[in-house]
Amino acid sequence: MTLLNRKLVENLMQRRTFYVTTPIYYPSGNPHIGHAYCTVAADVISKYKKLRGFDVMFLTGTDEHGQKIEIVAKENNMDPKTYVDLISLRFKKLWRVLGITNDRFIRTTNDFHKKAVQRIFIRLYEKGDIYKGLYKGWYCTPCESFWTENQLVSSKCPDCSRDVHWSEEEAYFFKLSKYLGDILSLYDKNPNFVQPESRKNEMKAFIENGLQDICVSRTNFSWGINVPFDKNHVIYVWLDALTNYITALGYASGDDSDFKKFWPASVHFVGKEIVRFHAIIWPAILMALDLPVPKCIHGHGWWLSDDSSKMSKSKGNTVDPFELCSYYGSDAVRYFLLREVPFGSDGVFSHEALLKRFNSDLANDLGNLLSRCLGMIEKYFSGTLLEDQEILESDYDLINMAKSLYLKIEKDMDAFQFSSALSKIWKLVSRCNKYIEETKPWDLAKDGKNARLSAVLYNVCESLRIISISIFSFMPKSALQIQDCLGLQKKSIDWKNIGIWGILKKNSTVAKGEALFPRIEF
Ligand code: ME8
């Protein structure tokens, strides 16, 4: 291989990695629908990128230190480690139930992470970007955040509106103020760094009046990683937590080959309330470590309860995703979460809306299409797709729509517009249903027009094959079930096959099988 070719191949290989993360969740209570939301979104993009041939790293995990965890463990009469062991298992279990296939699960109590965080702290201290000073200010325990007097809203935490308490102590500080200019120029040079646009504007407004150094150690509790050279101090939980994105890849802990391969992250998915930590503090820490910053921070919206307040553990108004999955099935839950509300916006969760989506989009539109089409092939041709087919010019409206579907989805998926991608897929589902109404296969059967009838049913099967590839990342079980009904192997779920017409072999056998989404009556 010439040097130039080798360079090209290396470049190509490098371009084909994709690293997606979710926030690492506080195991301060059982996982709820909000946690499921972000992890499903990351799973969808991870499955999609894998289908498209990327070498993907998908990381999630739990953020196990801090005063909040210490308190909740005590309330449950457990030591913090026993408590987080228990709850982090619930998160892992939920990901299995939801069909999530993360590549790694980090716990901040993992030994390798603790050691790496200490090394990072030392590096920043030796560089002069962490220094010792006196901390005076307001502290919000649930948010693990410090606030100045001016930042409080009606004397409460500006993020969660709960009580704050005055705190005054010797502490270590990170020189965030030093990186103000670099962060502003990061936003200017990379207009897509913070998404959606509205969140970027919020960040810009937040730092308009400058940035203050932040306190990165605490002495009033002990459940955390010690400052290695000053054992009275515990490292601030956000410094501990944010660095998970690099320690999980082996940064500062020996084998850093994955770090070299996957960093910088392609996207950090986070809820809108923690964009600030990810879009300001995190890049500054990385800059201080002389590391590249992530390519994108995407702040998604919130699921609200029907009184329009944010669902959260502490408010006790959450929806249990385990229950939803056992009632509707994991694919339906995944579909609903990403279809109902555009990823950047807030949405009100209701069982009525989920049931409506289930019965209309899944049972009626897609489920019926599959069973109707395959039922007719069983009835008229004993389950075989006939060789002899009479294609008409008018069929090309459906054929072309199906063949070009991938172009529209790719655009949406690359912009994390999941709801829009699904609505385009459902346009094809509707077009198939309309095509059946237009071509009236039952009349063709009655009139003995078998060549035309077999063409019509073949066209619907091919469209269903394309639909199954397009929905795989959203609803993996259903996609595989459709493929199975069409007599295809799992490996035919391949993005290379999505824009090709005629993959289904003529003379092959199909079978209706069990209903894809049996209608739920209530
Ligand atoms: O903030 N709607 O953990 P956390 C949508 N440990 N998404 C929601 C949601 C809702 N009602 N409620 C929670 C933490 N989420 C830190 C993160 S990262 C280095 C450290 C999702 O358990 C959303 O993604 O409070 C949000 O950002 C995340 O859960 C917060 O989880």
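First things first, this report covers the structure right here in the doc. (Residues numbered from 1 in each chain as written. Predicted model: local features only at pLDDT ≥ 70, side-chain atom pairs only at ≥ 80, totals over all residues. Heavy atoms only, no water.)

A look at the overall build of the chain
Consideration 1: Counting secondary structure elements, the chain contains 20 helices and 15 strands.
Consideration 2: The globule rule puts the C-alpha radius of gyration for 522 residues at 24 Å, and the 26 Å found for the chain is close to it.
Consideration 3: In terms of principal-axis extent, the alpha carbons of the chain reach across some 90 × 65 × 40 Å.
Consideration 4: By the burial criterion, 55% of the 522 residues in the chain qualify as buried.
Consideration 5: Within the structure as shown, the chain displays about 22,400 Å² of accessible surface, and the carbon and sulfur contribution to it stands at 51%.
Consideration 6: Of the charged side chains in the chain, 68 are positive and 62 negative; the average position of the first set lies 4 Å away from that of the second. (Helix = DSSP H or I, 4+ residues; strand = E, 2+ residues; numbered from the N terminus. Rg over C-alpha atoms; globule rule 2.2 N^0.38 Å. Buried < 20%, exposed > 50% of the residue type's maximum accessible area, 1.4 Å probe, protein only. Areas by Shrake-Rupley, 256 points an atom, 1.4 Å probe, with all protein chains shown as cover. Lys, Arg positive; Asp, Glu negative; His and termini not counted. Charge placed at Lys NZ, Arg CZ, Asp CG, Glu CD.)

A few points about the packing of helix α13 (residues 330–340) against helix α20 (residues 476–485)
Consideration 1: In the contact formed by α13 and α20, the axes pass within 7 Å of each other and the chain directions differ by 120°. For the element pair α13 / α20, the angle class is oblique. On the side of α13, the interface is formed by S330, D331 and R334, while α20 contributes P476, K477 and S478.
Consideration 2: Taken together, the residues of the contact of α13 with α20 break down into one nonpolar, two polar and three charged. (Axes fitted to C-alpha atoms, helices over the stretch in contact; angles between N-to-C directions. Parallel < 35°, antiparallel > 145°, perpendicular 65-115°, else oblique. Contact = heavy atoms within 4.5 Å. Nonpolar A, V, L, I, M, F, W, Y, C, P; charged D, E, K, R; others polar.)

Remarks on the packing of helix α2 (residues 33–51) against helix α4 (residues 80–97)
Consideration 1: Close contact between α2 and α4 brings their axes to 11 Å; oriented N to C, the two are set at 55°. As the angle between them shows, α2 and α4 are arranged oblique. Crossing angle aside, the handedness with which α2 passes α4 is right-handed. Contact residues: H35, A36 and T39 in α2; F91, L94 and W95 in α4.
Consideration 2: Taken together, the residues of the contact of α2 with α4 sort by class into four nonpolar, two polar and no charged. (Left-handed = near helix turned anticlockwise from the far one by under 90°.)

Details of the sheet that holds strand β9 (residues 217–218)
Consideration 1: Strands sit in the order β9-β11-β10 across an open sheet of three strands; the sheet is antiparallel. The two strands at the open ends of the sheet, each matched to only one other strand, are β9 and β10 (226–227).
Consideration 2: By the bridge criterion, two bridges tie β9 to strand β11 (residues 230–235) in an arrangement that is antiparallel. Each residue of the ladder has a partner; that of S217, found in β11, is I235. (Pairing = 2+ DSSP bridges.)

Concerning the nonpolar core
Consideration 1: If you look at the biggest cluster of nonpolar residues, it comprises 176 residues, and the most contacted ones within it are F269 and F418.
Consideration 2: If you tally residues by element for this core, the top one is helix α14 (residues 351–381), at 14 residues.
Consideration 3: Those residues in contact with F269, other than ones at most four positions away along the chain, are V20, T21, T22, P23, C38, A41, A42, I45, H298, F343, F416 and F418.
Consideration 4: Judged by nonpolar contacts, the second largest core, of seven residues, contains C140, C143, C157 and V164. (Core = buried A, V, L, I, M, F, W, Y, C linked by side-chain atoms within 4.5 Å.)

Brief notes about the site of the ligand
Consideration 1: Around the ligand sit 25 residues, and of these I24, D63, E273, H300 and W303 come closest.
Consideration 2: Separating a nitrogen atom of the ligand from a backbone N or O atom of I24 is a distance of 2.8 Å.
Consideration 3: G34 places a polar main-chain atom, nitrogen or oxygen, 3.4 Å from a nitrogen atom of the ligand.
Consideration 4: For the ligand, whose free accessible area comes to 670 Å², the fraction covered by protein is 95%.
Consideration 5: With respect to the detected pockets, the ligand is housed in the largest pocket.
Consideration 6: For the shell around the ligand, the secondary structure elements donating two or more residues are β1 (17–25), α2 and α8 (237–242).
Consideration 7: Grouping the amino acids of the shell around the ligand by side-chain chemistry returns 14 nonpolar, seven polar and four charged. (Near = heavy atom within 4 Å. Polar contact = N/O pair within 3.5 Å; in protein donor to acceptor, adjacent residues only side chain to side chain. 1 Å grid on protein atoms, 1.4 Å probe; cavity = no way out; pocket = protein on both sides within 12 Å on 5 of 7 lines; lining within 4 Å. Sits in = over half its atoms within 2 Å of the grid points.)

A short note on the layout of surface pockets
Consideration 1: Of the pockets and cavities examined, the largest pocket occupies roughly 1,100 Å³.
Consideration 2: Elements represented by at least two residues in the lining of the largest pocket include exactly β1, α2, α3 (67–75), α8, α9 (244–247) and α11 (275–288).
Consideration 3: Looking at side-chain class alone, the lining of the largest pocket contains 21 nonpolar, 15 polar and nine charged residues.
Consideration 4: Computed from the structure, the second largest pocket encloses a volume of approximately 610 Å³.
Consideration 5: Surrounding the second largest pocket, 26 residues form its lining, F146, T148, Q151, Q212 and I214 being those nearest its centre.
Consideration 6: Mapped by element, the contributors of at least two residues to the lining of the second largest pocket are β4 (130–140), β5 (145–147), β8 (214–215) and α11. (Points joined across faces, edges and corners; volume = space filled by probe spheres on them.)

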